[in-house]
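# Topology and contacts: notes
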Amino acid sequence: MNMEYDDSVLGGSYGGLGSFPKSFGYGGMEDLEESSIPADKPRILLMGLRRSGKSSIQKVVFHKMSPNETLFLESTCRLYKDDISSSSFVNFQIWDFPGQVDFFEPTFDSEMIFRGTGALIFVIDAQDDLMDALTRLRLTVSRAYKVNPNINFEVFIHKVDGLSDDTMIETHREIHQRANDDLADVSLEKVHLSFYLTSIYDHSIFEAFSKVVQKLIPQLPTLENLLNIFISHSGIEKAFLFDVLSKIYIATDSSPVDMQSYELCCDMIDVVIDISCIYGLMEDGSGCAYDHESLAIIRLNNTTVLYLKEVTKFLALVCILREESFQRKGLIEYNFHCFRKAVHEVFEVSGSSEAFSVFPAASPLQMLTLRNFSADPGK
Ligand SMILES: Nc1nc2c(ncn2[C@@H]2O[C@H](COP(=O)(O)OP(=O)(O)OP(=O)(O)O)[C@@H](O)[C@H]2O)c(=O)[nH]1
């Protein structure tokens, strides 16, 4: 693999871990009672039986914990909430519930918990007995739906790394069937459950989390449109808008996502951040691992080029394109500039604030006057 870096990447625009206060360490969790996090922030709940893998998911996706380290995680005894909004585009609280949470306990305040919830992720250990988990799922969904019918219910069929392909398909089918039957039994057939096969040992957990988060982004259709226009004018094959901290992609163009491309882009983010952390530190250890000058180009030996560029404080655009298309680098850069400006319009980025609850002030599509890509670079 031949790698090319823009001078600014290694020359100091990257620095240490300064820009990711909580991102590369294990931490950032706060006890609910002691926390000063505003209760009105939208939230994603992680629920499921004991040892189903809830804390592992949260640590691997948002705290860069390596999957093997999760073997040493202790059981969660109390509700923890994790605010990652200072270091991530994902401006949510993630609430990790202990497996033994009792909905009928007087201290369990369903109204407070479910009212401000955007998505409820129910984690089922696919390597364990499914009956208890399905009973729990029905109970959880019916309680939550009663309080807030707008919650997105997401079921992670988790730890599928231990299953053969046949067992995985069979387990998926069985859980899908039984969960929906169970809901129909309590007259909740209209509740929609989405199912994902996940494991912390590959990229499936990031891909599943991406889909969960995307459903909560009101600007998603606009971002997809912008990406479609950008790639079609620039001769790019695939483009992802990534949350750099979590490697969740918050939007992509409308061509189908294949896991290999997604994994390649995730790996590129890791390489860029790792290299900048190692070589981009200032003498005194200050600096940022990711900033407005962040840019990297990696040429693979199969005539593919990977292109990463900063879009906002938390977001990066990662593109896959053919080497021939990259000959028109100037055009791509010009179009990227327009795209970046439009994304900033979408989120009304002002200073350091950026949240996906903000609606666009003007239509960013109107300001996207890109130059056209022609396959013949001579044109
Ligand atoms: N094979 C495999 N094991 C996993 C996966 N995810 C988590 N685990 C393991 O499952 C065990 C339990 O994980 P936790 O994250 O502590 O589970 P939890 O749901 O938070 O547990 P409680 O806090 O007791 O509710 C750990 O030993 C993890 O290493 C996975 O995708 N595959």
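Refer to the preceding data block for the structure.
My aim in this report is to walk through the structure given alongside it, one point at a time. Source: prediction; values computed, not measured. (Residues numbered from 1 in each chain as written. Predicted model: local features only at pLDDT ≥ 70, side-chain atom pairs only at ≥ 80, totals over all residues. Heavy atoms only, no water.)

## Examining the overall build of the chain
- Counting its regular elements, the chain contains ten helices and 13 strands.
- Out of the 379 residues in the chain, the part that is buried amounts to 54%.
- A sequence separation of at least 24 residues applies to 72% of the contacts in the chain between residues at least 6 apart.
- As presented, the chain carries roughly 16600 Å² of accessible surface, and 51% of it is formed by carbon and sulfur atoms. (Helix = DSSP H or I, 4+ residues; strand = E, 2+ residues; numbered from the N terminus. Buried < 20%, exposed > 50% of the residue type's maximum accessible area, 1.4 Å probe, protein only. Contact = heavy atoms within 4.5 Å. Areas by Shrake-Rupley, 256 points an atom, 1.4 Å probe, with all protein chains shown as cover.)

## So, the pairing of strand β13 (residues 315–322)
- Counting buried positions over the eight residues of β13 gives seven, a clear majority of the element.
- With six bridges joining them, strand β9 (residues 238–243) and β13 adopt antiparallel strand pairing. By the bridge assignment for β13, D243 is matched with L315.
- With seven bridges connecting them, strand β12 (residues 304–310) and β13 associate as antiparallel partners. (Pairing = 2+ DSSP bridges.)

## Here we look at the site of the ligand
- Taken together, 22 residues lie near the ligand, and K54, S56, S75, T76 and D161 sit nearest.
- Take S56: an N or O atom from its side chain is 2.5 Å from an oxygen atom of the ligand.
- In the environment of the ligand, a nitrogen atom lies 2.7 Å from a nitrogen or oxygen atom belonging to the side chain of D161.
- Here the ligand, which alone exposes 660 Å², has 92% of that area covered by the protein.
- For the shell around the ligand, the element with the highest residue contribution is helix α2 (residues 54–63), accounting for three residues.
- Split by residue class, the shell around the ligand holds six nonpolar, eleven polar and five charged. (Near = heavy atom within 4 Å. Polar contact = N/O pair within 3.5 Å; in protein donor to acceptor, adjacent residues only side chain to side chain. Nonpolar A, V, L, I, M, F, W, Y, C, P; charged D, E, K, R; others polar.)

## Overview of the pairing of β12
- When you tally the buried positions in β12, you get six out of seven residues, the bulk of the element.
- Examined bridge by bridge, strand β11 (residues 295–299) and β12 share five bridges and lie antiparallel to one another. When the bridges of β12 are listed, I297 appears paired with Y307.
- Where β11 folds back onto β12 in an antiparallel hairpin, the turn is made up of four residues, including T303, whose phi is positive at roughly 65°.

## Observations regarding a nonpolar patch on the surface
- The grouping of L71, F72 and Y201 at the surface amounts to a nonpolar patch, some 400 Å² of accessible area in total.
- In this structure, L71 sits in the loop between α2 and β4 (80–83). (Patch = residues over 30% accessible without salt bridge, like charges linked within 9 Å, V, L, I, M, F, W, Y side chains within 5 Å. Salt bridge = Lys/Arg side-chain N within 4 Å of Asp/Glu carboxyl O.)

## Details of the packing of aromatic side chains
- Scanning the model with the defined rule gives twelve aromatic pairs in all.
- Both rings, one in F240 and one in Y249, keep their centres 5.1 Å apart while their planes meet at 70°; by these two values the pair is edge-to-face.
- Taking relative accessible area as the criterion, Y249 reaches 2% and is therefore assigned buried.
- The ring of W95 is capped by R43, whose NZ or CZ atom sits 4.2 Å from the centre of that ring.
- Above the plane of the ring of F206 lies K247, whose end atom (NZ or CZ) is 5.1 Å from the centre. (Phe/Tyr/Trp six-rings, centres within 6.5 Å; stacked < 30°, edge-to-face > 60°. Lys NZ or Arg CZ within 6 Å of the ring centre and 35° of its normal.)

## Quick look at the packing of α2 against helix α6 (residues 204–214)
- Interaxial distance between α2 and α6 falls to 10 Å at its minimum, and their mutual angle equals 85°. When the axis of α2 is compared with that of α6, the two are roughly perpendicular. Taken together, the residues of α6 that come into contact with α2 (itself represented by I57, V60, V61 and F62) are I205, F206 and F209.
- Residue classes in the contact of α2 with α6 are distributed as seven nonpolar, no polar and no charged. (Axes fitted to C-alpha atoms, helices over the stretch in contact; angles between N-to-C directions. Parallel < 35°, antiparallel > 145°, perpendicular 65-115°, else oblique.)

## Re the side chain of R43
- Mapped onto the elements, R43 comes out in strand β3 (residues 43–48).
- A polar contact of 2.7 Å, which involves the side chain of R43, links it to the backbone oxygen of I113.
- What R43 contacts, discounting residues up to four positions off in sequence, is F92, Q93, W95, M112, I113, F114, G116, T117, G118 and A119.

## Description of helix α7 (residues 220–234)
- The terminal C-alpha atoms of α7, which comprises 15 residues, lie 21 Å apart, in line with the 21 Å expected from a rise of 1.5 Å per residue.
- Burial in α7 covers these residues: L220, L223, L226, L227, F230, I231, H233 and S234.
- Among the structural elements, α6, β9, β10 (248–252), β13 and α10 (329–347) are those in contact with the buried residues of α7.
- The positive-phi residue at the C-terminal boundary of α7 is G235, with phi of around 70°. (Expected span 1.5 Å × (residues − 1).)

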